[in-house]
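# Overview (structure and organization)
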Amino acid sequence: SDVVSSFRSSGINAEYGDVLEKGLGLSEEDEKLVTENCHVIIHSAATIRFDDHIKLSLQLNVGGTVKMVEIARKTKNLISFIHISTAYANCNLNNIEERFYEMGPEYDPLKLLELCEWMDEDVMGSMTEPLLRDRPNTYCLTKALTEAYLFQHATDLPLGIFRPSIVGASWKEPAPGWIDNYNGPSGLFVAVGKGVLRILEGDVTKVADVIPIDHCVNMLIVVGWYTSTLPVEDKPLIYHCTSGTKHPFTWFKLGTLLLEFFSQQEPYNEVFRRPAVNFATSKMELAYWKLISHTIPAYLADGAAKVSGSKPVMRRAYDKVHKASETFTFFTKREWTWTSENCDMLWGLLSEVDKKLYNFDVMEIVWEQYYPNFFRGTKKYLLKEDMSEDKLVLAKQRQMRLKNMTHACVAIFLASVLYFLYPLLLGSFRS
């Protein structure tokens, strides 16, 4: 492909691979290139979808890691093998340390992989709830199982495990707010900014544990270096890359910045409604506001679309939004504390020059600057919007029209209520 060709022309070899295939789908030539020339392996390939089928999630996350370990064992000059896990692998706990947590004999990663080879998807699907127990999704479960596999079968390698929390847009590199996917909070920010998502289940007092992607990459590089200095016989170290324990920022503060940005400062060029979002604390409240703020407007919009001869799309769009927001609910209703002794130790080992080159000090992040850049990044890098001043003026004018229309609709509604209630009230006073 053009991407692979451009990498090769810059001196970087990008090879085709597939974690579902034997030998990662590498050709004999490509495998030889890896095993004879690589010194550091960073394994990040995984499905990060929360709602993937248990079978696919096992095959991608656990099975892919098994195949990567096989390649690592063939790599002649390997000095560091870093596996990217997640800080939420053990989210069934409130306080999580930088150590491996045993899962019990029923959670044998290789035996579960064997089941994937012959067991029907429906039968495996029926095993999902018993396996999840108090974990929220197949992603967190299979990441924990992958750690179990590594600690049981791969400690002969120079192994390190890296656990980031919710990875967000960049703080500084390659540019403030750079983002290339809708995963995690990015998709939610777009849905809120477009005026589509207006109610979430969660607790605004809880901490939003987001970590910028460039902080992750910088720390990952340092982890790769430090792992190469340790004796292979040493117990593999686990490193947390999180923000909430050291430098917390709540969902309330994040939501306030989000609405200020998209309703006043830099709205999207095209929106469904004016941005607004609230957190529901109960299922009943959530259901009520979904009906008022999502379902009824979606039916009205699709009805208008049919009358005008356009394709109705809003009900289908809301089905997707609801599904995405529901997978995120577990994380907006809770918060965790993560220890950071190994992270702090790494930071202490760096020289002042290296601290600037590989900065992963979360205390330097100014959230009030980071999030507006993140929001702007969704406009620029995800939606590819025209960022010119002329477009911004038009977007603000559209927001003002929507605001005036909203006020007019509220006024008409209140006037209608008073119109019908006035005779009743008047009659009750006379009697």
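Above: the structure in question.
Read on for an overview of the structure. (Residues numbered from 1 in each chain as written. Predicted model: local features only at pLDDT ≥ 70, side-chain atom pairs only at ≥ 80, totals over all residues. Heavy atoms only, no water.)

Glancing now at the overall build of the protein chain. Within the protein chain one finds 16 helices and 10 strands. With respect to the principal axes defined by its C-alpha atoms, the protein chain has extents near 95 × 50 × 45 Å. Across the 431 residues of the protein chain, 46% fall into the buried class. For the protein chain, the proportion of contacts with a sequence separation of at least 24, taken over those separated by at least 6, is 84%. As presented, the protein chain carries roughly 22500 Å² of accessible surface, and 57% of it is formed by carbon and sulfur atoms. (Helix = DSSP H or I, 4+ residues; strand = E, 2+ residues; numbered from the N terminus. Buried < 20%, exposed > 50% of the residue type's maximum accessible area, 1.4 Å probe, protein only. Contact = heavy atoms within 4.5 Å. Areas by Shrake-Rupley, 256 points an atom, 1.4 Å probe, with all protein chains shown as cover.)

In terms of nonpolar packing, the biggest core is built from 67 residues, with Phe-162, Met-219, Tyr-370, Tyr-371 and Phe-375 touching the most fellow members. Non-local contacts of Tyr-370, meaning those with residues more than four positions away in its chain, are made with Gly-168, Ala-169, Ser-170, Trp-171, Val-210, Pro-212 and Ile-365. Residues Leu-24, Val-34, Ala-72 and Leu-112 belong to the second largest nonpolar core, which totals 40 residues. (Core = buried A, V, L, I, M, F, W, Y, C linked by side-chain atoms within 4.5 Å.)

This part is about the packing of helix α9 (residues 213-229) against helix α13 (residues 341-349). Their axes nearest at 11 Å, the elements α9 and α13 cross at an angle of 80°. Comparing the axis directions of α9 and α13 gives the class roughly perpendicular. Seen from α9, the contacting residues are Met-219, Val-222, Val-223, Trp-225 and Tyr-226; seen from α13, they are Cys-343, Met-345, Leu-346 and Leu-349. (Axes fitted to C-alpha atoms, helices over the stretch in contact; angles between N-to-C directions. Parallel < 35°, antiparallel > 145°, perpendicular 65-115°, else oblique.)

Our next topic: the packing of aromatic side chains. All told, the structure shown has 33 aromatic pairs when counted by the stated rule. Relative to Tyr-370, the ring of Trp-171 lies with its centre 6.4 Å away and its plane at 55°, an arrangement referred to as tilted. Highlighted residues: Trp-171 in the loop between β5 (166-168) and α8 (185-193) and Tyr-370 in helix α15 (residues 367-382), separated in sequence by 199 residues. By relative accessible area, Trp-171 is classed as buried at 8%. Ring plane angle 70° and centroid distance 5.1 Å describe the contact between Tyr-370 and Tyr-371, whose orientation is recorded as edge-to-face. With relative accessibility at 1%, the residue Tyr-370 sits in the buried group. Taken together, the ring pairs connect Trp-171, Phe-189, Phe-249, Phe-261, Phe-262, Tyr-268, Trp-367, Tyr-370, Tyr-371, Phe-374 and Phe-375 into an aromatic cluster. Sitting over the ring of Tyr-268, Lys-194 keeps its end group 5.3 Å from the ring centre. (Phe/Tyr/Trp six-rings, centres within 6.5 Å; stacked < 30°, edge-to-face > 60°. Lys NZ or Arg CZ within 6 Å of the ring centre and 35° of its normal.)

A volume near 950 Å³ is recorded for the second largest pocket. Residue lining of the second largest pocket: 26 residues in total, with Arg-198, Arg-273, Ile-292, Pro-297 and Thr-406 positioned closest to the centre. Counting residues per element, the ones that place at least two in the lining of the second largest pocket are β9 (278-280), α11 (283-308) and α16 (389-430). Per element, the largest residue contribution to the lining of the second largest pocket is 9 residues, and it comes from α11. The class makeup of the residues in the lining of the second largest pocket is 19 nonpolar, 3 polar and 4 charged. (1 Å grid on protein atoms, 1.4 Å probe; cavity = no way out; pocket = protein on both sides within 12 Å on 5 of 7 lines; lining within 4 Å. Points joined across faces, edges and corners; volume = space filled by probe spheres on them. Nonpolar A, V, L, I, M, F, W, Y, C, P; charged D, E, K, R; others polar.)

The next point concerns the pairing of strand β1 (residues 40-43). If a strand is regular, its side chains alternate between the two faces of the sheet. Residues Ile-41 and His-43 line the buried face of β1, whereas the alternating positions Val-40 and Ile-42 sit on a face that is not buried. Examined bridge by bridge, β1 and strand β2 (residues 80-84) share 4 bridges and lie parallel to one another. If you follow His-43 over to β2, its bridge partner there is His-83. Handedness of the crossover is the feature at issue here: the chain leaves β1, passes through helix α3 (residues 54-74), returns alongside β2, and the resulting connection is right-handed. (Pairing = 2+ DSSP bridges. Right-handed = clockwise from strand over helix to strand, strands pointing away.)

What follows is about the environment of Asp-51. Structurally, the position occupied by Asp-51 is in the loop between β1 and α3. Overall, the relative accessible area of 35% leaves Asp-51 in the partly exposed class. Separated by 203 residues in the primary sequence, Asp-51 and Leu-254 have C-alpha atoms spaced 25 Å apart. One polar contact links Asp-51 to Arg-49, side chain to side chain, over a distance of 3.4 Å. (Polar contact = N/O pair within 3.5 Å; in protein donor to acceptor, adjacent residues only side chain to side chain.)

Overall, parallel pairing links the 4 strands, which are arranged β1-β2-β4-β8 in an open sheet. This sheet does not close on itself; its edge strands, each paired only once, are β1 and β8 (237-241). When strand polarity is set aside, the average angle formed by the axes of neighbouring strands in this sheet is 20°.

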